[in-house]
Each structure stands twice: as C-alpha cells, then as structure tokens.
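Each chain, written out:
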Amino acid sequence: MEKVEQNLMEPVGEVNFQSKWNVPNSLKKLQFALETLFIKKGFLLLLVGFLLGRALILSKLTPFSLPFFAVVYLVKKDRAPLALIGLIAGSLTISLINASSTFAITFLFLLIFRISKKWVKDEAKALPFYVSIILAIGKLAEAYIISNQLSLYDGMMIGVQASLSFILTLIFMQGIPLITLSKRRQTLKTEEIVCLIIMLASIMTGTIGWIIYDLSVEHILSRYLVLIFSYVAGATVGSTVGVVTGLIFSLASVSSFYHMSLLAFSGVLGGLLKEGKKIGVSIGLFIATLLIGMYGEGGGSIFLTISETMVSIGLFLVTPKSITARLAKYIPGTPEFTAEQQKYMRKMRDVTAQRVSQFSTVFHALSKSFSQYDEQPHTEGDNEKELDYFLSNVTEKTCQTCFKKEHCWTRNFNTTYEFMEGIIHEMDQNNGIVFSKLGRDWDKYCSKSKKVIEVIQQELTLYQANQKLKRQVQESRKLVADQLLGVSEVMDNFAKEIQRERENHHKQEEQIMEAISEFGIPIEQVEIYSLEQGGVDIEMTVPFCNGHGECEKLIAPMLSDILGETIIVGLEECQPYSNGICHVTFKSAKAFVVETGVAHAAKDGGFVSGDSYSMIEIGCGKFAIAISDGMGNGERAHYESKETLQLLQKILQSGIEEKVAIKSVNSVLSLRTTDEIFSTLDLAMIDLQNASTKFLKIGSTPSFIKRGNKVIKIQASNLPIGILQEFEVDVVSQQLKAGDLLIMMSDGVFEGPRHVENFDLWMKRKIQELQTNDPQEVADLIMEEVIRSRSGLIEDDMTVMVAKIKHNTPKWATIPVQKLKKKAQ
C-alpha cells in the first residue's frame, strides 16, 4: 500500500511544467474538475435523484424518491433543490402522474416537517417515521383520486411501499454521506458497507430498460460493481455485493432473477482470483458468465451475456487505480486499510515520541541550568570581596564613631587591614579565640579592641551560618540537577523505545510455523516482535492443549534450537473450553538465576526489627538485593529502613540509574524531618545476562563472596543515608560466577560476635568453614554462629541475606528441529 501511495503522490509533487500538454497533469486537472462539479457543487445528487426517480419495485412501486429527498434535506439542505429536480425529472420518464405525485408528496413532507420541527428533539431518529407516514398518506390520496375507491390490494401495496420507505430512509442516512465523500470516519463499518451496496443497487435499478446496441446497461453496471468490490475486498464482500445487487434487480424486474446467481458466483470467483490483480478478477467474471449464462438463459442469448461481461471488464480495466485504492482504504481487511491504520499508528507513535523527547529536552536543559552554578570556579577575587564586605560590616558598627578613624583607615590602612584580617583568620580557625600575642598587639593598636573583637565574633557567626547555607543550597542544586538529568535520560530512552517498530519477520515466521507443523503440532498464527539476542519476543496462537503443556514441553524447546538460545513460555492464556485456542508469549530465558535465603531476628527476640530487606526484580534483566538498617531499634527504626527500601524500589523500577536513585532517597529522607534518624543501605545489583554485579554501600557493613574455598570481601566507605544532603556514592563492581555465594549482612551480625577483635577474619573463617552451598542453610548457620558466640543473647537487630548465582538450566531439553526435518523428508 505504501508503494501505491508513493506512485500516486510522487508525480503530484514532481510534475514537470515543461509543457502544458503533459498528460498526467491534464488527467489531474480533469479529475479535479469532475470532483468539483459532481461532489462540491452537488450535481452527483442531481444524477442520483434522476435514477432513483425512475426506479421501480415490482414494476409499479416507487419508494425511493421521498426517502432520498428527506435524507438530502437533513444532511445537505443547500443541495436539496438539485435532488428534487433530479427526482421529478426521473419520474417524468415514467409518467406525468408519477412526477406530479412525487412533487406533491415532497411538498407535503416539507410542510409537515417544517411545522412540527420545533416539537422534535432528534430529527434524525424521527425522520424515518415522517417519511413512511407521509408517503402512506400521499399514496392513499393518489389511489383514491385516480380510482375513487380503495381496495384491499391497494392498501397492501401502500403498506409495503411505506415499510420500504422506512427502511430505505435508514439505509440512505448511512449511504448518502459516503457517496458525497463526507469524511466523518476513516473506516466503514459492516452495516455501512451493506447500506452502500443496497443504495448503489437501488440507483442502478433506475437504468432498467436502457439498451445500447442490444446490451443491457443495468447488467453492465451491476457486473462492473461486483468486479470493483471483488477486486478491492475479496470473495466475501464480492459475493455479498452480487447477492444484494441481484436481489434488488429481481425485485425491480422478475426477468432479472437469474442474474442474482450470476452476480453472486462472479463475486466469489473474482474474489478468489484477487491475487491475479485485475486480470484474475476479470477471468472470474468471465467464467461465471459462461457457466451461469448457459445454464440460465440457454445458448440463444449467451452471446449478448458475454458481450455485456466484456464491456464490464473493459470499464473495470480502465478504472484508475487511485479510485480502487481510495475505496480499499475504508474497507476493513484490505491491505490498503491495514497500511492506512499502520500509517495512523506510526503518526500517533511519532507524535507521542516527539512530545516525550521534548519533555526530555526540557528536563535536560533544567538540569544543565542548575549545574552551571556549580561549574563556576570560586576565585581569589571573590574571597577578597567577601572579606571586604565582612570588614565593612564590622567597621560600620565600631570604627565609624571612633575618633581615631582617620588615623587607622587613612594613614595606616594596610596595617589596620592586616590586623583585622589576622584576627578574623585566627578566630575562624580557633572557634572565636585570639592568641595572646596578636591580642596584645591589637590592644595596643586599637582603642576599642574588645568591642571590635566582639563585633567580629558576632559577624563571624553570621558569616559561617551564611556559608553553611550556601553550601547546602549548592548541594541541593547539584542533587536536583542529577535528578533532572536522570528523569531526562529515562524519558529519552522511553521515546526511543516508542519509535522502535515491530520488525518485518515474515520469512522467519513461515519457517517457524513450517518446522513446528512438520512435528505434528498445529499452529494457527505466529507473530515475531523481536529476535534480538537475549530479548526474543514471539507470540503464537495454538489450538487448545487441554492442559498437556505442549507450549512449554515441545514448542519452546524447538524454538530454542531454531534461535540458538534458551526460550521459555512467558505468558500463556488458554480458553476454558475444548474447542478454544491458546495465546502464548515466548521470551528469552536469562543466562543466570538467583536463589536466595534470608535469616533475621529482632533485638531481644522481639517481633519488630529495625532491619528491612528486599529482593527486587527489575524489568531490565537485573536483580537487586538490598538491606537497610534503621538507626536504633523498634518501630521507628523499622519504619525508616522500610521507607528507604520502598523509595529505592520505586525509583529503580522507573529506570533511573542506581547512584541517582540512592542520592534521591538520601535527599528525601534528609529533608523530610529535622529528627536525627538515619539508616544504612546495602545494595547489590546483579545483571542476569552476564552476572556482573554492582555494590553500593551506604554506611553498611562489608559483604562477602564465597567462591569455592576462597572468600572475597566487598567494602566501601559512605556515611549512612539521611546525614548529609549531598555525598558521593562509591560503586564497587565485581564479576560473579556460577556457583558463587553472595553474603550480605547488617551490623548486628557482622559486629555481633563477642570477644572478637577482628570481625573480618572471624567472618571469613566462619564462611570458609561452611560445608553447604544452600543459601537458606548458609544464612541460618551464620545467624546461629553469631548468636552462639553471645551465649544466646540478641543485643541488636540481625539480618543475613545469601544469594547463590546459578546457570539457568532449562526445564526441558532442546529439541533439534533439523533432525526432525530430515526424518520428515
């Protein structure tokens, strides 16, 4: 469809104006002129009105005129006069009485509708009732005037005609906006397609009786209509068009009854041969004409039938591709419709990604504006200015009223300045104390020495508080810059993820379906969204497995062999009944898995521990293990440590980097309360694809890695969370291997053993002496050893977490697909 659109649209922008006789340009001008005449100016309604005005049902009923005019009056009131002129002109071709009746009934409708308009709330819902009642009244009056009596047959025919007008009004309300190209919807619903077909067939009944060179015009147009819809929408819609059109024609003329079979069969054959393009659809109509023509009419008129078919095929072949492509865009199930929907989705995706990217740029700019203050260096000139401001505040309160002002600050400026600078420096370094020698010299030099020193001490206290406040503001500014930068990176990654399209994997989908089908497992549908190593995403639709686990036991192992990596079932949704289907999602298995064990105890055997721990599964293929120890014991410490881990979990799952996440948690905890409540944090981030691990330790105890008989210590030095608003996080990286035991503990365990001078050596020795690799048993044994060393006393909250790194061994062995193919051959 995209190629079709390019072929249609590119010449428009690249038309060479070298010659005014350029053929494509002339055709475009002709197309534009015709659209202006028939669509914009409304002459199409004049033509349609003419054909509907002379259309008949059962050779005498005319139920089309009033519904058509009423709907045009409701939808396009300014085009209603053209529709009325067409209807009267068409009815004149039948008889003068018919034209007079059409005009009178239309006038009666206008009169009653305009008078009762103010009492009607919803005109669209009331319109079919208006039309059927007014048409019944008009036809009753017409029958009475003509024959001066009303028979039961007349009443029945009038009732049928009124009922048809009610239905036709509903159909025209759906169909007229479509033929006038009112772009209210991008797609056609099923009922709209049917209404459009009925309306087009009704319009073509107005051509009944038109003969050109012994060829029936209604036969040519009906077959042309079937060709168009079979080519655009396939066998289903093509056969529907054939049946509906043939049925309408048979109601108008009983002699056309056999034509319904021809049109329906043509729609089926043409739709089935759609892959052969226009030639294939034309062949389908030709074959149907030969078969039905010989069966229905005998050999005498088969030449005329074939001639009508050839004319229809000729019209179909010269129909511009732009018309069929435009029609196909609105019919669900066509490639053009799918391409249009994908185009719309791409547009929405690009707009969303652009907006997210714009927000990312805004956050990045805000981060940069905050960080610019920190990048400005603090020069010596700034220090001199601060000292000058400081001395001006001191002299304003002391020297301004002194009789020796001119002597000190005019004649001996340098000496006075150096004296006061030295005093400020010594008081700043020695907590407001001035050494005796400098103090004696200052007493000899200044007549108000004590007052000056008192003022300097007061101003120095204010200066130090001001400097502390500046540092805090600077630290907060840097933290905000880091947080904004983290949010910017998350939003930028999200924008890139939105723009990532589902790749085209038709060939791989066919290969997978063929390989699995050869094994004897029926597969209805395969959709590949990603084949990236470690990020495979495949969806399948398979028949109901009755709980036998075919997806996990057979299909996933076969996919593992085909793709060269372990594939597992990510999600399986099965319908509860036996004839249903199962929707299964297959994804890449992680290269490593983590098995954990935890042992913890509260102080004095209590129920509430100040320690909290968490095992967090992060969506980007990482596994986080964290321990937080709140300051002290009891509920308050438990609340602080639990709050730390909850904040950390939410920030990490949002995609923000670990260091920025910890700084954000620290900022929140340090700013939300003035109480001195702190907590430690011990975090290990394990990448499940390669087992690389990052350790972030904030005031926490060392961790240990047991690799065979070797014990590795992991340690970093950072203050607990909540003490400082700004601090640097030390990250320790370590490559883990399969079989490693990662042991993390709180200070109650690490510093718990009694009568031990070197806690590191004691803990290493105990870990090395362990005879088991089970994580839970290791955690229990370490906890037991520490409690035993304290004679069974628990004097602090204790938590031990042990994680074992293992290769991810699939539950089911890989099934070699290539061998199966050889056996099948």
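1. A few points about the packing of aromatic side chains
Thought 1: One pass over the full model with this rule turns up 10 aromatic pairs.
Thought 2: Considering the side-chain rings of Phe69 and Phe109, the 6.4 Å spacing of their centres and the 85 degrees angle between planes classify their relative orientation as edge-to-face. Of this pair, Phe69 sits in helix α4 (residues 65-75) while Phe109 sits in helix α6 (residues 96-115); the two residues are 40 residues apart in sequence, bridging distant segments of the chain. Across the pair, exposure class does not vary: Phe69 and Phe109 are buried alike.
Thought 3: A centroid spacing of 5.3 Å and a plane angle of 20 degrees characterise the contact between Phe109 and Phe113, whose relative ring orientation is stacked. Highlighted residues: Phe109 and Phe113, both in helix α6, separated by four residues, approximately one helical turn.
Thought 4: Its relative accessible area of 0% is what places Phe109 among the buried residues.
Thought 5: Among the aromatic side chains, those forming a connected cluster through ring pairs are Phe69, Tyr73, Phe109, Phe113 and Tyr130.
Thought 6: Note that Lys278 overlies the ring of Phe316, its terminal NZ or CZ placed 5.5 Å from the centroid.

2. A look at the pairing of strand β3 (residues 525-530)
Thought 1: Two strands pair when backbone bridges link them, and β3 and strand β4 (residues 537-543) are joined in this way by five bridges, in the antiparallel orientation. Residue pairing for β4: Val526 is matched across the bridge by Met540.
Thought 2: In this structure, the hairpin formed by β3 and β4 is closed by a connection of six residues, where Gly534 is found at a positive phi of approximately 85 degrees.

3. Here's the deal with α4
Thought 1: In terms of burial, α4 is largely enclosed, as nine of its 11 residues are buried.
Thought 2: Among all positions of α4, only Ser65, Leu66, Pro67, Phe68, Phe69, Ala70, Val71, Val72 and Tyr73 are buried.

4. Some words on the confidence of the model for the protein
Caution applies to low-pLDDT parts of the model: their predicted coordinates are not meant to be read in detail.
Thought 1: On average, the protein scores 77 in pLDDT, and the residues at 70 or more come to 83%.
Thought 2: Of the regions scoring below 50 in pLDDT, residues 1-23 engages in 20 contacts with residues more than four places distant in sequence or in other chains.
Thought 3: Note on residues 819-825: pLDDT is under 50 here. Beyond four places in sequence and across chains, it has six contacts.

5. Concerning the side chain of Ser216
Thought 1: With respect to the element layout, Ser216 can be found in strand β2 (residues 215-216).
Thought 2: Judged by relative accessible area, which is 7%, Ser216 ranks as buried.
Thought 3: If we skip the residues at most four places from it in the chain, Ser216 touches Trp210, Ile211 and Glu308.

6. Concerning the packing of helix α9 (residues 190-204) against helix α11 (residues 235-252)
Thought 1: One can describe the packing of α9 onto α11 by two numbers: an axis separation of 9 Å at closest approach and a directional angle of 40 degrees. Compared by their axis directions, α9 and α11 come out oblique. Here α9 runs over α11; the crossing is right-handed. When α9 is examined against α11, the residues Ile197, Ile198, Ala201, Ser202 and Met204 are found in contact with a partner set consisting of Val241, Val244, Thr245, Ile248 and Phe249.
Thought 2: A per-class count over the contact of α9 with α11 returns eight nonpolar, two polar and no charged.

7. Describing the environment of Ile712
Thought 1: By secondary structure assignment, the location of Ile712 is in strand β13 (residues 710-714).
Thought 2: We classify Ile712 as buried; its relative accessible area is 15%.
Thought 3: Distance from Ile712 to Leu742, taken between C-alpha atoms, is 9.5 Å for residues 30 residues apart in sequence.
Thought 4: Leaving out residues up to four positions away in the same chain, Ile712 has contacts with Ser703, Phe704, Ile705, Arg707 and Gln734.

Conventions used here
- Residues numbered from 1 in each chain as written.
- Predicted model: local features only at pLDDT ≥ 70, side-chain atom pairs only at ≥ 80, totals over all residues.
- Heavy atoms only, no water.
- Phe/Tyr/Trp six-rings, centres within 6.5 Å; stacked < 30°, edge-to-face > 60°.
- Helix = DSSP H or I, 4+ residues; strand = E, 2+ residues; numbered from the N terminus.
- Buried < 20%, exposed > 50% of the residue type's maximum accessible area, 1.4 Å probe, protein only.
- Lys NZ or Arg CZ within 6 Å of the ring centre and 35° of its normal.
- Pairing = 2+ DSSP bridges.
- pLDDT = per-residue confidence, 0-100.
- Contact = heavy atoms within 4.5 Å.
- Axes fitted to C-alpha atoms, helices over the stretch in contact; angles between N-to-C directions.
- Parallel < 35°, antiparallel > 145°, perpendicular 65-115°, else oblique.
- Left-handed = near helix turned anticlockwise from the far one by under 90°.
- Nonpolar A, V, L, I, M, F, W, Y, C, P; charged D, E, K, R; others polar.

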